[in-house]
Structure formats: C-alpha cells, structure tokens
Amino acid sequence: ASRGGRFETLAIEPDLFGRAIAATSDGRRLALAREDRGAWVIDLARGTRTKVAGDEVTGAMDVAWSADGDQLAWSAKPPEGDDVAVLVQPSDGRGAPRALGVRDSDLSVAGWMPDGRELVVTRWGVSATIERVPLAGKSEVVWRDPGSLGYSDLSPDGQLVAFESDSGEGYEVYLYSFATGERTPVTAGGGRSPFWSHDGRELFFRRGSGIHAAEISTASDGSLRIGRETRLFDWPAAYKVVAGADGSFFGTEPVPGTARQTSLQLQTRWFESVRRLAPAGNGN
C-alpha cells in the first residue's frame, strides 16, 4: 500500500500468511510466517521466496530483522512445550531456529538492538513488562506497565519502544525511553499495533480501520516531542501492517475463498437436553 491508499498485490505464490511480517531496513526483503507452521523470506526485487523454517516455527505472531539483515527473531511456539518462546535463526535458512531462555504464554518481539547482541521483548497480560533479552544470558526487566501490553516495536536506533497498553480507558500507544526510563503517551483517542518508519522519524499505528502517523523527535533535554496525527489510509482487511521503503507499506490479508468462522451458536438449557436424550437408569 502507498500513503495515498493505492493497493497492489505482490506477484508471489499466495499462502496462508498470518500476523508475523517484517521488512528489512532497506525494504528489499520480507519475513513472513504461515498461520499454522512454517516461515519464509521473500525477495521483493526478484519476486521469489525462500523457506527458512518448517515445524520449528508454529503459530508465529511476531518477527524482527537484525539491523544487518542476517538474523531473524520470532515469537512462536517451539516444537516442544505449550508456551510461546523467542526463536532466533539465520535469515538465509541455513540454521534451524533456536529458542532463547525467555518463555511465556504471551510474548511479543519488539526488535533487535542495533549491535545484534540482544533483543527487546514485551510480555502481555498480567506480566506487562518490557525486557532486554541477550542472545546469551538472562533477560532484564526495564519497565513494568500498569496496564496490559500488546504489540510493540523497537525504534531503529534502539532507544524507544513503541507499544500499546490499556492502562487508561482503552488501548493507547505509548513510548518507553531507555535513556530516561519514562513512558510517554502518543495517542489520546485510541491506538493499536504501533510500528516505526525505517528512519525512526515517524510512528505509525492503527485506529479502527485506519492507518495513522505521528512525527517523533527528541528535544535537547531528552524529552520526546509528539507531532500532530495524520490519517494516511484505510486497510480494514489487513492482519498486520509494517513500513516498507520509499513510503510504502506491506500487510497480510486473508486469502480470498478460505474458510472463515462467521457465526457463533449459543446453546442454553443443555443439561435438560442431555437428560432427555441420554438413556435413563445408567447412573450418569
């Protein structure tokens, strides 16, 4: 998609891609995962894709590229265990994903630190923390939020974590600064799924079906300046949207024609139905 709302479908073999999608810093490659299992890297210039993981990546919700484009990090379920883990692997697919020590029922990968030696992750739900996770060693909690955290994204310079939290009257977008250790609100009228531009000067987020943008800058005293919001375009069908190069955006949508649950049937007084249908006198 473009800022003007012009949409184009990539001429690549369609698949049931889910919510894990990220672009390299130069915008030339995308990393995506299937809704069920398996992960791919797409070369946008050549229109080809390379499989980088099979059953090692299941139900992936997030993926992030290292600054040099050589490594990927996923939040997904590994082959063993029920919790979500942070998995790292070479982006060329020549090495199987390996799980780091951090696991939970809800984890989101915000991104890689610029030196490629550690990651930033957020925990959802009652944990509600932002953590630095080295590739070797124990994680460090740097922020505990009063609300329930959701999706997060680390700025390209590794200084700010953008995240959604419901600590107020609903979900809003906030920034956490490693320099000051403080949280700064970005939105006041609702905001979800924040993600950065590749130069770190704009923060994008969703409000309803709309994709919005706000300019972000740092004052001489280290305080953050949040610019005026701009509504860019609508993309109601997208699972997740990320920034590409030259003002473009990429997102994944449901494949047309695939099965989708469209209704939920609620059965009441079902104990009476069981007694009526079950044989009498069997002691059950």
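Our subject is the structure listed above.
Residues numbered from 1 in each chain as written. Predicted model: local features only at pLDDT ≥ 70, side-chain atom pairs only at ≥ 80, totals over all residues. Heavy atoms only, no water.

The strand order β1-β2-β3-β4-β5-β6-β7 describes an open sheet built from 7 strands, whose pairing is antiparallel. Unpaired on one side and paired on the other, β1 (17-23) and β7 (98-104) mark the two borders of the sheet. Between one strand and the next, the sheet's axes are offset by a mean angle of 30°, whatever the strand orientation. Direction of pairing for strand β3 (residues 37-43) relative to strand β4 (residues 48-65): antiparallel, over a ladder of 6 bridges. (Pairing = 2+ DSSP bridges. Helix = DSSP H or I, 4+ residues; strand = E, 2+ residues; numbered from the N terminus. Axes fitted to C-alpha atoms, helices over the stretch in contact; angles between N-to-C directions.)

Turning our eyes to something else, we now look at the packing of aromatic side chains. Following the criterion strictly, the structure yields 11 aromatic pairs and no others. Aromatic side chains Phe7 and Phe233 sit 6.0 Å apart centroid to centroid with 85° between the ring planes, which places their arrangement in the edge-to-face category. Placement of Phe7 in the segment before β1 and of Phe233 in strand β20 (residues 230-234) is noted, with a sequence separation of 226 residues between them. By relative accessible area, which is 39% here, Phe7 ends up partly exposed. The class for Phe233 is buried, based on a relative accessible area of 5%. Summarising the aromatic geometry, the rings of Phe195 and Phe249 are spaced 6.2 Å apart at their centres and angled 85° between planes, so their arrangement reads as edge-to-face. One end of the pair, Phe195, is in strand β16 (residues 192-196); the other, Phe249, is in strand β22 (residues 249-252), and 54 residues separate them in sequence. Here the two residues Phe195 and Phe249 agree in accessibility, since each one is buried. (Phe/Tyr/Trp six-rings, centres within 6.5 Å; stacked < 30°, edge-to-face > 60°. Buried < 20%, exposed > 50% of the residue type's maximum accessible area, 1.4 Å probe, protein only.)

Turning to the nonpolar core, a few remarks are in order. If you look at the biggest cluster of nonpolar residues, it comprises 17 residues, and the most contacted ones within it are Ala33, Ala39, Val57, Ala60, Val63, Leu72 and Trp74. Secondary structure elements with two or more residues in this core: β1, β2 (29-34), β3, β4, β5 (71-77) and β6 (84-90). Per-element accounting of this core gives the leading share, 6 residues, to β4. Setting aside chain neighbours within four positions, we find Ala60 in contact with Ala20, Ala33, Trp74, Ser75 and Ala76. (Core = buried A, V, L, I, M, F, W, Y, C linked by side-chain atoms within 4.5 Å. Contact = heavy atoms within 4.5 Å.)

Along the polypeptide, Ser165 turns up in strand β13 (residues 160-165). Accessibility expressed as a relative area gives 0% for Ser165, which makes it buried. The spacing of Ser165 and Asp115 is 50 residues in sequence and 28 Å in space, taken between C-alpha atoms. Once residues lying within four places of it in the same chain are set aside, the contact partners of Ser165 are Asp145, Gly147, Ser148, Leu149, Gly170, Tyr171, Glu172, Tyr174 and Arg183. Side-chain polar atoms of Ser165 contact the side chain of Asp145, separated by 2.6 Å. (Polar contact = N/O pair within 3.5 Å; in protein donor to acceptor, adjacent residues only side chain to side chain.)

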